[in-house]
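# Structure assessment
One-letter residues, chain by chain:
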Amino acid sequence: MSQGNYIDGLHRPYNIPLKEVVWVCTFIKNETKRLEKKYLNVAFWKFFIYSHIEQGGITSDNDTGIISIEKALIVKQWIEKYPSLDNLSDAVSDILKKRNDKVEKIVYSSYKNTSYYITLTRKLGLLHGQWELTQDALKLVRINRSFYGLSRSQKQIIFEKILQEDKDFILPILFSLWYEQRMPSVEDGDLVLRYLQEEEKF
C-alpha cells in the first residue's frame, strides 16, 4: 500500500515566512558538534529566543506564527533563571506537564512553537536521522543573508521540498479550485480527503 506523498501529522498550515527551517538548519550546523543530542531541542529554543530579541523584527505574534518580542523578553527572563542546559531542560519538562501561571503558559507556547520548527524541518526532508543535515539544508545555510527574510534561492529550495514531500496534499487543493468556482456546495477539503483515500487503496 502506498502512503502517498504528503506530510502525515503536520498539525498546522505552513507558516509565514517559512524562515524557521533555515533557523533550525543554521543552529544544527553551528552547534551539534559541541552539544549533547539530548539538549538540542531546548538549546535551539534558547538560541531562537535570544536571536529573535537581538534582531527585533517581529512586534506581534498574531499573524506570523512567531512569538512577539514582548513575549520573547518574558521567556528570556524565565530562561535566565536556569544557568545550565541540564537545569533548563528539567524546568521545561515540568512546564510541559503543568503550567501554573501566565508566564509559564507563554514559556510553554514558545517552546512548543520552536519544537514545531524542528518538526517541520524534519518532515520537509532537510534532516537525516536524528540531527544530520541534508545537502539541501546545508545549501539553505550557505546562502543565508537575512534573519527573517528568505532569498529567492532559499524560496526555490523550500518550495521544491514542499512539492516533493507534500504534493499529494497540495495538488488536489489546486485542482479543486476549478470545482469550487463551479460547484459552491463542494468544499475543497472534501475533495482533498477523497483524493488521499483513493491514494491509500493502491
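Note: the structure precedes this text.
The following refers to the structure shown. (Residues numbered from 1 in each chain as written. Predicted model: local features only at pLDDT ≥ 70, side-chain atom pairs only at ≥ 80, totals over all residues. Heavy atoms only, no water.)

### Overview of the packing of helix H1 (residues 20–31) against helix H6 (residues 135–142)
It is the contact of H1 with H6, at a shortest axis distance of 9 Å, that shows an interaxial angle of 95°. Relative to H6, H1 is oriented roughly perpendicular. Along its contact with H1, which presents Val-22, Cys-25, Thr-26 and Lys-29, the element H6 presents Ala-137, Leu-138, Leu-140 and Val-141. Looking at side-chain class alone, the contact of H1 with H6 contains six nonpolar, one polar and one charged residues. (Axes fitted to C-alpha atoms, helices over the stretch in contact; angles between N-to-C directions. Helix = DSSP H or I, 4+ residues; strand = E, 2+ residues; numbered from the N terminus. Parallel < 35°, antiparallel > 145°, perpendicular 65-115°, else oblique. Contact = heavy atoms within 4.5 Å. Nonpolar A, V, L, I, M, F, W, Y, C, P; charged D, E, K, R; others polar.)

### Topic: the packing of H1 against helix H5 (residues 102–123)
For the pair H1 and H5, interaxial distance at closest approach is 9 Å and the crossing angle is 90°. By the angle between their directions, the pair H1 and H5 is classed as roughly perpendicular. Seen from H1, the contacting residues are Glu-20, Val-21, Trp-23, Val-24 and Cys-25; seen from H5, they are Tyr-116, Tyr-117, Ile-118, Leu-120 and Thr-121. Class assignment for the residues of the contact of H1 with H5 results in eight nonpolar, one polar and one charged.

### A word on the side chain of Lys-19
Within the secondary structure, Lys-19 is located in the segment before H1. The side chain of Lys-19 is buried and forms no salt bridge, while Glu-20, the nearest opposite charge, is found at 10 Å. Side chain to side chain, Lys-19 and Asn-144 meet in a polar contact 2.9 Å long. Within the local environment of Lys-19, its side chain forms a polar contact with the backbone oxygen of Gly-149, the two atoms lying 2.5 Å apart. Among residues more than four places away in sequence, those in contact with Lys-19 are Asn-144, Ser-146, Phe-147, Tyr-148, Gly-149, Leu-150 and Gln-154. (Buried < 20%, exposed > 50% of the residue type's maximum accessible area, 1.4 Å probe, protein only. Lys, Arg positive; Asp, Glu negative; His and termini not counted. Salt bridge = Lys/Arg side-chain N within 4 Å of Asp/Glu carboxyl O. Polar contact = N/O pair within 3.5 Å; in protein donor to acceptor, adjacent residues only side chain to side chain.)

### Observations regarding helix H4 (residues 85–97)
Between the first and last C-alpha of H4 there are 18 Å, a value that for 13 residues agrees with the 18 Å anticipated at 1.5 Å per step. Taken together, the buried positions of H4 are Leu-88, Ser-89, Ala-91, Val-92 and Ile-95. Seen along its axis, H4 keeps its buried residues to an arc of 165°; they face one direction. The inward-facing, buried residues of H4 abut helix H2 (40–55), helix H3 (69–79) and H5. (Expected span 1.5 Å × (residues − 1). Arc of directions from axis to C-beta.)

### Let's talk about the packing of aromatic side chains
Across all of its chains, the model carries 12 aromatic pairs by this definition. Geometrically, the ring pair formed by Phe-27 and Phe-47 is tilted, given 5.3 Å between the ring centres and 40° between the ring planes. Pair noted here: Phe-27 is in helix H1 and Phe-47 is in helix H2, with a separation of 20 residues, a long-range link. Taking the relative accessible area as the measure of exposure, Phe-27 reaches 4% and is therefore buried. For Phe-47, a relative accessible area of 25% translates into the label partly exposed. Site record: aromatic cluster; members linked through ring pairs are Trp-23, Phe-48, Tyr-117, Phe-147 and Tyr-148. (Phe/Tyr/Trp six-rings, centres within 6.5 Å; stacked < 30°, edge-to-face > 60°.)

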